[in-house]
Amino acid sequence: MSAEAGPYPGPDWMERYRSRVNADRELGIIGRWFTATFMLTFGENRHAVKVVEGRIAEIVAAPRFDVRATFGFRAPVEVWAKFLSPNPPPLYHDFFAMLMRVPAFVLEGDSLSAMQNARALHRMMNIMRETGAPDA
């Protein structure tokens, strides 16, 4: 990925993702008790995702130390690109599979909090895949 392309996945993609999450009827039901801030780190680019009752209230690009997150997912851009591709290779089709078998995909922070919200989080990550690959 060249520096000219900008940060992966980019603000337009993040906003599409947010819109899709917030419009998802299933997540509206299963996410009712999911209120947390978590980090998504794509290579060197971090985003704080503030979730309130299963809806993304805000996404903070390049958060500073004043944004606290309960947990986060970190991986190189290459791993995220496989996950977001139209036909991901084995083990990259599901975030639980990546957690178990892709060492570069890391759950950071309070894993108990993440797993207490596993169903809603799983749906959010599936919506991420459904959002598709970021524009090149």
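Each remark here, short or long, concerns the structure printed above.
What counts and how
- Residues numbered from 1 in each chain as written.
- Predicted model: local features only at pLDDT ≥ 70, side-chain atom pairs only at ≥ 80, totals over all residues.
- Heavy atoms only, no water.
- 1 Å grid on protein atoms, 1.4 Å probe; cavity = no way out; pocket = protein on both sides within 12 Å on 5 of 7 lines; lining within 4 Å.
- Points joined across faces, edges and corners; volume = space filled by probe spheres on them.
- Helix = DSSP H or I, 4+ residues; strand = E, 2+ residues; numbered from the N terminus.
- Nonpolar A, V, L, I, M, F, W, Y, C, P; charged D, E, K, R; others polar.
- Axes fitted to C-alpha atoms, helices over the stretch in contact; angles between N-to-C directions.
- Parallel < 35°, antiparallel > 145°, perpendicular 65-115°, else oblique.
- Left-handed = near helix turned anticlockwise from the far one by under 90°.
- Contact = heavy atoms within 4.5 Å.
- Expected span 1.5 Å × (residues − 1).
- Buried < 20%, exposed > 50% of the residue type's maximum accessible area, 1.4 Å probe, protein only.

### Description of the layout of surface pockets
Here is step 1: Taken as a whole, the second largest pocket holds about 170 Å³ of empty space.
Here is step 2: Lining the second largest pocket are 13 residues, with G10, P11, M14, H47 and A61 positioned closest to its centre.
Here is step 3: Contributing elements (two or more residues each) for the lining of the second largest pocket: α1 (11-23), β2 (45-52) and β3 (55-61).
Here is step 4: The biggest single contributor to the lining of the second largest pocket is α1, with four residues.
Here is step 5: Classifying every residue of the lining of the second largest pocket gives seven nonpolar, three polar and three charged.

### Description of the packing of α1 against helix α6 (residues 118-131)
Here is step 1: Put simply, α1 and α6 touch, their axes get as near as 9 Å, and they point 125° apart. As the angle between them shows, α1 and α6 are arranged oblique. The two elements α1 and α6 cross, and the hand of that crossing is right-handed. When α1 is examined against α6, the residues W13, R16, Y17, R20 and V21 are found in contact with a partner set consisting of M124, M125, I127, M128, E130 and T131.

### Digging into α6
Here is step 1: Taking 1.5 Å of rise per residue, the 14 residues of α6 would be expected to cover 20 Å, and the 20 Å separating its terminal C-alpha atoms lies within 8% of that figure.
Here is step 2: Of all the 14 residues making up α6, ten are buried; the element is thus mostly covered by neighbouring parts of the structure.
Here is step 3: Once α6 finishes, G132 follows within two positions and takes phi at roughly 90°, a positive value.

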